[in-house]
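In case you want the letters, here they are:
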Amino acid sequence: MILGAALYLLVISWFEIQTVFETEQQVTDAMANRYADILARPIWNLEEETSAEILDSLIAREDTTCLRLDDVIGLEGATSRGDCKNVSDGRISSQAPIIFSQGRIKETIGTLFLVRKLESGFTRILQLIAPQIVLTLLLISVLIVLAFYGFRKTITAPLGEVQRSLRSYEKSGYRQPVNWHSSDELGQFVQAYNSALDRQETSENELRKQLELTRTLLKTVPNPIVFLNTDLTFQGCNDSFSIMFGVNDEKAAGKPIDQLLADNPWSLLPTNLDTVFPSSMGPTSVYSTETTVHDRLGKEHVVIFSTSVLRDPDGNVTSLVSLMQDITERKQSEMELEAAKNAAEKALAELRIAQDNLIQSEKMASLGSLVAGISHEINTPIGSCITVASSMSERTDQFQQILDSGKIRRADLVSFVETMGEASDILNKSLTVAAELIQNFKQVAVDQTTSKRRGFDLERVITEIASTLQPVVKKTPHRLELDIHDNIPMDSYPGPLGQVVTNIVNNALVHAFADKDHGTIMISSKLTDDSSVSLVISDDGCGIPKTHLKRIFDPFFTTKMGSGGTGLGLNVTYNIVTNLLGGTISVTSAQGQGSSFTITLPRVAPDNATDTEMPPKETTFVI
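Residues numbered from 1 in each chain as written. Predicted model: local features only at pLDDT ≥ 70, side-chain atom pairs only at ≥ 80, totals over all residues. Heavy atoms only, no water.

### Regarding the sheet that holds strand 15 (residues 532-539)
Condition: Note: two strands are recorded as paired if DSSP finds a minimum of 2 bridges between them. Numbering of helices and strands runs from the N terminus; a helix is a DSSP stretch of H or I covering at least four residues, while a strand is a stretch of E covering at least two. Only the stretch in contact is used when fitting a helix axis, every axis being a line fitted to C-alpha atoms; angles between N-to-C directions are given from 0 to 180 degrees. Contacts were defined at the residue level, with two residues in contact if any of their heavy atoms lie within 4.5 Å.
Read from one edge of the open sheet, five strands run 12-14-15-17-16, paired in mixed fashion. Of all the strands in the sheet, just strand 12 (479-483) and strand 16 (584-589) have a single pairing partner and so form its edges. The sheet shows a mean angle of 15° between the axes of neighbouring strands, direction not considered. Strands strand 12, strand 14 (520-529) and strand 15 of the sheet are contacted by helix 8 (residues 458-474), whose axis makes an angle of about 175° with strand 12.

### Some words on the packing of helix 9 (residues 494-512) against helix 11 (residues 569-580)
The following threshold applies: Here is the rule for angles: anything less than 35 degrees is roughly parallel, anything more than 145 is roughly antiparallel, 65 through 115 is roughly perpendicular, and the remaining ranges are oblique. It is the rotation of the near helix from the far one that decides the hand of a crossing: anticlockwise by less than a right angle makes it left-handed, clockwise makes it right-handed. Here the term charged refers only to Asp, Glu, Lys and Arg, the term nonpolar to Ala, Val, Leu, Ile, Met, Phe, Trp, Tyr, Cys and Pro, and the term polar to all other amino acids, Gly among them.
Packing of helix 9 against helix 11 brings their axes to within 9 Å, and their N-to-C directions diverge by 150°. Our classification of the angle between helix 9 and helix 11 gives roughly antiparallel. Where helix 9 crosses over helix 11, the handedness of that crossing is left-handed. Touching Pro-496, Gln-499, Val-500, Asn-503, Ile-504 and Asn-507 of helix 9 are Gly-569, Leu-570, Val-572, Thr-573, Ile-576, Val-577 and Leu-580, all from helix 11. Each residue belonging to the contact of helix 9 with helix 11 can be placed in one class, and the counts come to eight nonpolar, five polar and no charged.

### Comments concerning the pattern of salt bridges
Should their charged atoms come close, side chains of opposite charge can pair. Which entries qualify depends on this criterion: Throughout this description, the term salt bridge denotes a Lys or Arg side-chain nitrogen within 4 Å of a carboxyl oxygen of Asp or Glu.
Enumeration over the complete set of coordinates arrives at 13 salt bridges. Here Lys-331 and Glu-334 are joined by a salt bridge, their closest N and O atoms 3.8 Å apart. Of the two residues, Lys-331 and Glu-334 both sit in helix 6 (residues 328-405), three residues apart, roughly one turn of that helix. If you follow the salt bridges from partner to partner, you end up with Glu-290, Arg-330, Lys-331 and Glu-334 in one network.

### A closer look at the nonpolar core
The condition that has to hold: The criterion is simple. A nonpolar core is a set of buried Ala, Val, Leu, Ile, Met, Phe, Trp, Tyr and Cys residues joined through side-chain atoms within 4.5 Å. Only protein chains enter the accessibility calculation, which uses a 1.4 Å probe; a residue is then buried when its area is under 20% of its type maximum, exposed when over 50%, and partly exposed in between.
Leu-458 and Ile-523 are the most contacted members of the largest nonpolar core, which has 42 residues in total. With eight residues, the top contributor of residues to this core is helix 9. Once residues within four sequence positions are removed from consideration, Leu-458 is found in contact with Ile-484, Ile-488, Met-490, Leu-497, Ser-525 and Val-533. Judged by nonpolar contacts, the second largest core, of 23 residues, contains Met-244, Ile-257, Trp-266 and Leu-269.

Rendered as structure tokens:
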């Protein structure tokens with residue numbers, strides 16, 4: 001309040017001073033103009049004595065300290081009066097032009113410089129602001145008294161109640177709530193203080209319960225716990241430690257721990273505890289190690305020996321706390337589990353070898369079926385070739401006899417040429433069919449016996465695979481149809497892809513049409529986007545039961561066990577599609593409405609797949 005009042009008085013004083021100075025400046029300017037008018041005619045008439053008398057009379061005024069004529073021509077006497085060299089603070093100066101005016105004549109004949117002093121200026125200012133100073137001081141005094149009284153009633157009183165409550169708690173430990181009610185900030189503070197007392201009492205009660213619980217846990221915990229001094233002398237222990245090592249808590253106090261136990265695992269601790277338990281005030285470290293100890297009966301136990309430290313508020317170590325967790329039975333179980341694990345790993349390795357052999361057998365069986373079907377298909381054009389070749393040989397012998405007899409006729413020659421032409425056409429067509437079958441078989445056989453990556457057209461590879469499957473399909477009343485888009489270049493593994501298609505088609509022939517006289521297997525494709533293609537193999541067979549649908553890709557799952565089925569065909573298919581080809585495979589089916597296998601493949605197989613090739617074998621194909 002005092003600072004505010006002082007600032008107020010300073011502002012008022014500044015404004016009053018400015019007002020006084022502006023008023024005095026106006027008075028000085030008016031006096032300078034009036035004196036200039038008085039001096040104009042004597043100076044114009046060059047009346048030096050009159051001008052000097054006027055100057056002397058003007059300088060005689062108490063408030064005038066300097067008069068000076070500047071730029072006046074014709075006056076030879078002194079043109080200044082008073083102290084014009086010292087124009088200091090508290091003085092006001094002004095300049096006025098001396099203008100002679102008479103009739104049409106109006107001419108500036110010099111300048112009058114005037115300086116006045118303000119001896120009564122500050123006195124006037126004080127007289128103006130004195131009432132305000134008195135009123136301000138009176139108002140401040142009243143406000144200070146009222147504020148002090150209000151402070152006592154609204155602030156000091158509740159704070160005194162809080163202070164008495166705190167002193168009561170310090171002396172008796174009893175929490176006495178503050179009886180004060182108001183809606184201001186201190187009333188809220190008192191309410192918060194009373195609530196804090198309630199929470200503190202609740203927290204202390206909870207702390208007592210926790211301490212009691214901790215004591216109970218220490219006594220009942222099955223793990224031995226012991227407290228030691230920093231010199232490794234005994235402080236105390238729980239019941240488990242006493243039972244295990246036969247240590248009496250009261251009699252052992254202050255004795256070195258190595259005299260109480262047959263073993264001394266604390267010797268594993270370094271001499272300088274700060275190397276294990278840093279002296280920072282952060283979380284305390286725990287030193288743990290595995291060792292062996294002997295109980296009071298001499299029985300050996302494998303334990304995890306854990307030690308930590310307790311510190312005082314200054315961070316100094318006061319005690320060591322050690323816990324021993326008996327893991328003897330766990331160690332025995334680990335040894336048994338290790339033996340069982342080794343046995344299981346050995347059995348798993350043998351099982352994998354057997355599975356690889358079964359998969360290899362599945363691949364070779366598929367290739368054998370392919371060879372058998374191709375052999376049967378090639379027999380037809382090759383048989384036709386043999387028959388035609390035999391006829392050509394007989395016809396050639398007949399023509400030779402006629403030629404040897406010398407009785408050859410034109411009709412005999414024409415008949416021989418026509419017969420040879422027809423036989424050549426038949427041979428050419430039959431051998432072309434056989435060559436196409438053999439070419440397709442060679443490509444498919446090479447692809448399926450080697451998992452080489454190469455670029456290929458999807459339509460051509462699927463067509464080659466379908467041609468090798470036709471002999472098997474022809475033995476059934478079913479049909480295999482294709483709807484493959486042309487010009488779908490792939491950079492993948494045609495052999496594994498052919499094995500996938502062959503397995504799914506064979507699976508359909510074996511399972512899909514068990515109760516049908518005829519059926520259709522459709523292989524279609526479509527581009528899902530620029531980088532992937534979708535291959536769908538569907539049938540209109542009996543469908544897959546819902547109970548089997550989730551297990552259809554599991555290894556060794558088959559409904560034809562004992563009837564030639566191994567349960568590996570679709571599992572091999574799933575592994576090839578998801579691992580080597582980098583795609584996905586899914587199946588949808590409804591009972592009585594057929595099944596559909598959807599294979600989504602990237603047009604460029606992933607690089608993480610490695611080319612695998614079967615070891616070369618000397619194989620003879622009998623066609």
